[in-house]
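# Summary of the model geometry
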Amino acid sequence: MMLAKKIKRALSRAVKHAGSVYQLAVRTRVDPAIVARFHSGERNIENMTISTFDRLFPDMKVSFFGEDSAASSTSQRNTIDVGGEITGMIVQDGRIDAARFSAEAEVSGIDPVVLARKIRKSEKLTPEERLKFLDFLDEEL
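In this text the structure is predicted, and so the values were computed from the model without any measurement. (Residues numbered from 1 in each chain as written. Predicted model: local features only at pLDDT ≥ 70, side-chain atom pairs only at ≥ 80, totals over all residues. Heavy atoms only, no water.)

### With respect to the overall build of the protein chain
Operational definition: Each helix is a run of H or I in the DSSP string that is no shorter than four residues. Each strand is a run of E no shorter than two, and both are numbered from the N terminus. To sort residues, take the accessible area from a 1.4 Å probe on protein chains only and compare it with the maximum for the residue type: under 20% means buried, over 50% means exposed, and anything in between is partly exposed. Contact between two residues is taken to exist if any of their heavy atoms lie within 4.5 Å; hydrogens are not considered. Each accessible area is a Shrake-Rupley result for a 1.4 Å probe, and residues are judged covered by the shown protein chains and nothing else.
A tally of helices and strands in the protein chain yields 7 helices and 3 strands. Going from the N terminus to the C terminus, the protein chain shows its helices and strands as α-α-α-α-α-β-β-β-α-α. When the 141 residues of the protein chain are sorted by exposure, 23% land in the buried category. Considering only intrachain contacts with a sequence separation of at least 6, the fraction spanning at least 24 residues in the protein chain is 31%. As displayed, the protein chain offers around 10,700 Å² of accessible surface, 54% of which is attributable to carbon and sulfur atoms.

### A few points about unusual backbone geometry
Despite not being glycine, Arg29 has its phi angle at roughly 60 degrees, a positive value. Mapped onto the secondary structure, Arg29 falls in the loop between helix H2 (21–28) and helix H3 (32–40).

### What to know about the nonpolar core
Under the convention used in this document: Among buried residues, the Ala, Val, Leu, Ile, Met, Phe, Trp, Tyr and Cys ones that are joined through side-chain atoms within 4.5 Å form a nonpolar core.
Core analysis: the biggest nonpolar cluster contains 15 residues, and Leu11, Leu24, Val35, Ile45, Leu56 and Phe57 have the highest contact counts within it. Within the residue set of this core, elements represented by two or more residues are helix H1 (2–18), H2 and H3. By residue number, the principal contributor to this core is H1, which donates 5 residues. Not counting residues within four places of it along the chain, the set of residues in contact with Val35 comprises Val21, Leu24, Ala25, Val30 and Leu56. Among the nonpolar cores identified, the runner-up in size contains 5 residues, and Ala116, Ile119, Leu125 and Leu134 belong to it.

In structure tokens, the structure reads:
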């Protein structure tokens, strides 16, 4: 099953990103033993409950009938739906803007100070991710 393999890879990536199975479990409020069993393969990914799946991947977006992901994201206040490595769609306060990301291009319409404040206050980013974003802003903008 192709979906099960994708979920298994995503779980491994989430564990690596969190630092350990235990840290992922704490962050997502899922019992560490359950996360460990799925991660080790002791339990089949196909048997994961929807509530566990939802807690492990809180930023996941599901499109059942192929809705435009950017259009369906307008209900969320501030999201970035990247369509590739250098282009994407930015949804901010319900407005959709096409964007090109380039270290050399000047970012128009975005105040770097405001962006840095939002990054510092974000609860969706880990402290390490915040530092990486802030370092990037300092070096590139």
